[in-house]
Amino acid sequence: SKGNYRHYMLKEIFEQPDVISAALEGRLSDSSVLVESFGPDAQALFQSTRQVHIIACGTSYHAGLVARYWLERYAGVPVQVEVASEYRYRHPVVPEGTLFVTLSQSGETADTLAALRFAKTLSYIGSLAICNVPGSSLVRESDMSLMTRAGPEIGVASTKAFTTQLVALMLLTLSVSKAKGQPEQQDIVTALGALPALCQQVLVLDSQIETLSQAFAEKHHALFLGRGAHYPIALEGALKLKEISYIHAEAYPAGELKHGPLALVDSEMPVISVAPNDDLLEKLKSNLQEVRARGGQLFVFADERVGISEQDDVRVLTLPHVHEALAPLLYTLPLQLLSYHVAVLKGTDVDQPRNLAKSVTVE
Ligand code: F6R
């Protein structure tokens, strides 16, 4: 049931602190990830993993894109990420020691399942499914699986399934690193433990985000910008807005602006940006100046320590400081809430957007 919430989507957004806790439960010790969470064969398999191929669709694909930044930076393992519908018709080259990973909320997405079946004919060292539905086809047919424990997701637009996938992917990153004998990333383990409470703090911003959403209700287009691991978060923000409010939205890595999309920016174009306090911040700030100079309206979700100040053409929403590695997770929440409130203002069917199905079991 929806309880006191007006829509399943809102309820599911607010469940995130709890389901993120559930996704971590029993999978960390005080200072370390428990590799065996991925099953008895995980230690040996991760130890021999020399690269990773990640395959998924839609929102799950965006989680895979974040994982590429994580696995390369924190586990030193090269990663390719691709949408299942493209991968399954390519002739992929599989280097020695490649692990095949699928991401899926439902575990029944036709393209992802077909990609797994195809991958089994290639020379991967093994397959891992990160999935929300125990006993689903994807889980049954993979060598190993890790459940995301988000609970049933009713709203068609994926929210808590995405953030719990990200938790699972950070556990994967830490596990691959540990299995390969690399130094423990204790600071990330500690930060994971603190994540549910931080998410709770972000959800308190709901009414401020609702106010912000009024600026979007009459708009026909929106541009989302991010850099590094926040580029996929911008992609996910744009997908959410498209899906449930039917506003055309695009996402770009902020550094690509001047290579084309800047031509779209005028006073009618809202530009949404995530600005965590990371080493790309200064570059992002100068990208944002480029937008302001063209009269664009800026909406910035920023770390409390960043010091981007509110002005006539810049609205700033401040988020609590979070470990840099986990910022993509935290910054997803305000973007979910933003698209939710815009859709409510527009009067669309939030939980059942037109033309979409929760589980895409046909090609
Ligand atoms: C977007 C959304 C879809 C799914 C995609 C894959 O909000 O829900 O893009 O993410 O259809 O579905 P799963 O994860 O079940 O394979």
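Here, the structure is the one placed above.
The structure displayed is predicted, hence computed values, not measured ones.

A. Quick look at the site of the ligand. Within the structure, the ligand sits among 13 residues, and Ser60, Ser104, Gln105, Ser106 and Thr109 are positioned closest to it. For the ligand, an oxygen atom lies 2.6 Å from a polar atom in the backbone of Gln105. Compared with its free state, where it exposes 400 Å², the ligand has 90% of that area covered by protein. Of the pockets mapped on this structure, the ligand occupies the largest pocket. At the level of elements, α4 (58-75) and α11 (230-245) are the ones that each hand at least two residues to the shell around the ligand. With three residues, α4 is the largest single contributor of residues to the shell around the ligand. Of the residues in the shell around the ligand, the class split is three nonpolar, eight polar and two charged.

B. Region of the structure containing the sheet that holds strand β8 (residues 270-275). Strand order in the open sheet formed by five strands is β7-β6-β8-β9-β10, with parallel pairing between adjacent strands. Here the strands that pair on one side only, and so sit at the sheet edges, are β7 (248-253) and β10 (314-319). Averaged over all pairs of adjacent strands, the angle between strand axes in this sheet comes to 20°, irrespective of strand direction. Where β8 and strand β9 (residues 297-303) come together, six bridges link them in parallel fashion. Across the sheet, Val271 pairs through a bridge with Leu298, a residue of β9.

C. The sheet that holds strand β3 (residues 98-104), seen in detail. The sheet built from five strands is open, its strands ordered β2-β1-β3-β4-β5 with parallel pairing. In this open sheet, the two edge strands, each paired with only one partner strand, are β2 (79-83) and β5 (144-147). Along the sheet, successive strands turn relative to each other by an average axial angle of 20°, direction set aside. Strand direction decides the pairing type here: β3 and strand β4 (residues 126-131), joined by six bridges, are parallel. Bridge pairing in β4 links Leu103 to Ile130. Those strands touched by α4 are β1 (51-56), β2 and β3, and its axis lies near 175° from that of β2.

Conventions and cut-offs
Residues numbered from 1 in each chain as written. Predicted model: local features only at pLDDT ≥ 70, side-chain atom pairs only at ≥ 80, totals over all residues. Heavy atoms only, no water. Near = heavy atom within 4 Å. Polar contact = N/O pair within 3.5 Å; in protein donor to acceptor, adjacent residues only side chain to side chain. Areas by Shrake-Rupley, 256 points an atom, 1.4 Å probe, with all protein chains shown as cover. 1 Å grid on protein atoms, 1.4 Å probe; cavity = no way out; pocket = protein on both sides within 12 Å on 5 of 7 lines; lining within 4 Å. Sits in = over half its atoms within 2 Å of the grid points. Helix = DSSP H or I, 4+ residues; strand = E, 2+ residues; numbered from the N terminus. Nonpolar A, V, L, I, M, F, W, Y, C, P; charged D, E, K, R; others polar. Pairing = 2+ DSSP bridges. Axes fitted to C-alpha atoms, helices over the stretch in contact; angles between N-to-C directions. Contact = heavy atoms within 4.5 Å.

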